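# Geometric and topological summary
Each chain, written out:
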Amino acid sequence: MTNIAILTGRLARDPETRQTNSGTSITAITVVTDRPARNAEGKTYKDENGYTAKESEFHRVTCFNGLSKTVAEHCSKGQLVSVQGRIHYTQWDDADGVTRYGTEILADKVDFLSRGNGSSED
């Protein structure tokens, strides 16, 4: 059985880092991926500027320890990255007793495909 996720996209915001009480470093990033938008007939279409319309998806990615520190130090909003990891599901009850669900990617590897300012001039 295999649980592997691979994403290539841009960071929606700067990384957010925190430390657990035991000293584990955790960095959260949001990776945005795009795909062609489709109309009711399932066909792609052009936007008002003549480009193929896109739909964006936002993926929560969590990095731990050494990877966490590297991502926090070298990544910033707009940067193109490739993430490899596994899909992780969570379930909890909120303050009102409502069961909530979440999905994230637990990263094993993050490759920097552009500079930290989002440029592609590598």
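Refer to the structure presented above.
Residues numbered from 1 in each chain as written. Predicted model: local features only at pLDDT ≥ 70, side-chain atom pairs only at ≥ 80, totals over all residues. Heavy atoms only, no water.

## Things to note about the overall build of the protein chain
Per the secondary structure count, the protein chain includes 1 helix and 6 strands. Each helix and strand of the protein chain, placed in order from N terminus to C terminus, yields the pattern β-β-β-β-α-β-β. Across its three principal axes, the protein chain shows a C-alpha extent of roughly 55 × 45 × 35 Å. Per-residue burial over the protein chain gives 31% buried out of 122 residues. For the protein chain, the proportion of contacts with a sequence separation of at least 24, taken over those separated by at least 6, is 59%. Summed over all atoms, the accessible surface of the protein chain reaches about 8,300 Å², with 45% contributed by carbon and sulfur. Of note, the protein chain has its 15 positive side-chain charges centred 3 Å away from the centre of its 17 negative side-chain charges. (Helix = DSSP H or I, 4+ residues; strand = E, 2+ residues; numbered from the N terminus. Buried < 20%, exposed > 50% of the residue type's maximum accessible area, 1.4 Å probe, protein only. Contact = heavy atoms within 4.5 Å. Areas by Shrake-Rupley, 256 points an atom, 1.4 Å probe, with all protein chains shown as cover. Lys, Arg positive; Asp, Glu negative; His and termini not counted. Charge placed at Lys NZ, Arg CZ, Asp CG, Glu CD.)

## Comments concerning the nonpolar core
If you look at the biggest cluster of nonpolar residues, it comprises 14 residues, and the most contacted ones within it are Val31, Val61, Val81, Val83 and Val110. Of all the secondary structure elements, the ones that give two or more residues to this core are β1 (5-11), β3 (25-36), β4 (54-64), β5 (80-93) and β6 (99-112). (Core = buried A, V, L, I, M, F, W, Y, C linked by side-chain atoms within 4.5 Å.)

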